[in-house]
Amino acid sequence: YEKAPEQVTVTQAHFEESGFGEKPVWWAFVATVPDTGSTTSERIDGFALYYIRYSTWKGQAMYLEDILITESQRGKGIGFLLFQKLIEEAKEKGLNRIIWQVLEWNEPAINFYKKVHASFDPEWVNCTLDIN
């Protein structure tokens, strides 16, 4: 969706180890529905992947790395359900907030985040230092 598939450099093995290995560093919720034509399988129509971030000012927070709803299922409430699950999880873990980034051109996502009453912070600039 971010129009940059060439920027994905993580391998499947690294991804799996990071989430399902002995010491996971990310967690996720998936939205599934029964797969049409099958009585035993489900289809994933959305997911939200997060990890824990620490601030010396604010303490632990949930960092929402990715939330994605398949194009055919957008506008059907799946994103709201995933956000509700994230909020429940953050409360259960004693986290004080959920934070994330959105690309400035992603108007559908920005409009969705406004509906969930997110605040937008124009003061901070994103920085990255590649180590490779």
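For the structure itself, consult the block above.
Since this is a predicted model, take the numbers as computed values, not measurements.

**A few points about the nonpolar core**
One finds Met62, Leu64, Leu82, Leu86 and Ile98 to be the most contacted residues of the largest nonpolar core, which totals 17 residues. Secondary structure elements with two or more residues in this core: strand S1 (27-34), strand S2 (42-55), strand S3 (59-69), helix H2 (78-92) and helix H3 (107-115). No other element matches the five residues that H2 contributes to this core. Discounting chain neighbours no more than four positions away, the residues touching Leu82 are Phe29, Val30, Ala31, Gly46, Phe47, Ala48, Ile67 and Ile69.

**Some remarks on the sheet that holds S1**
Taken together, the four strands give an open sheet; going across it, the order is S1-S2-S3-S4, and neighbouring strands pair in mixed fashion. Of all strands in the sheet, those with a lone pairing partner are S1 and strand S4 (98-99), marking the two edges. As defined by bridge partners, S1 adjoins S2 across eight bridges and the pair is classed as antiparallel. By the bridge assignment, Trp27 is partnered in S2 with Tyr50.

**Quick word on a nonpolar patch on the surface**
Residues Val8, Val10 and Phe15 make up a contiguous nonpolar surface patch of roughly 250 Å² in combined accessible area. As for its placement among the helices and strands, Val8 is situated in the segment before helix H1 (12-20). Judged by its relative accessible area of 60%, Val8 falls in the exposed class.

**Some thoughts on H2**
Over its 15 residues, H2 extends 21 Å from the first C-alpha to the last, a length consistent with the 21 Å expected when each residue adds 1.5 Å. Those residues of H2 that fall on the buried side of the exposure criterion are Ile78, Gly79, Leu82, Phe83, Leu86, Glu89 and Ala90. End-on view of H2: buried residues confined to an arc of 135°, all on one side of the axis. Opposite the packed face of H2, turned more than 90 degrees from it, sit the exposed residues Leu81, Lys91 and Glu92. Of the surrounding secondary structure, the elements contacted by the buried residues of H2 are S1, S2, S3, S4 and H3. Just downstream of H2 lies Gly94, where phi reads positive at about 75°.

**A look at unusual backbone geometry**
Phi is positive for His117, which is not a glycine, with a value near 65°. Relative to the assigned elements, His117 resides in the segment after H3.

Procedures and definitions
Residues numbered from 1 in each chain as written. Predicted model: local features only at pLDDT ≥ 70, side-chain atom pairs only at ≥ 80, totals over all residues. Heavy atoms only, no water. Core = buried A, V, L, I, M, F, W, Y, C linked by side-chain atoms within 4.5 Å. Buried < 20%, exposed > 50% of the residue type's maximum accessible area, 1.4 Å probe, protein only. Helix = DSSP H or I, 4+ residues; strand = E, 2+ residues; numbered from the N terminus. Contact = heavy atoms within 4.5 Å. Pairing = 2+ DSSP bridges. Patch = residues over 30% accessible without salt bridge, like charges linked within 9 Å, V, L, I, M, F, W, Y side chains within 5 Å. Areas by Shrake-Rupley, 256 points an atom, 1.4 Å probe, with all protein chains shown as cover. Salt bridge = Lys/Arg side-chain N within 4 Å of Asp/Glu carboxyl O. Expected span 1.5 Å × (residues − 1). Arc of directions from axis to C-beta.

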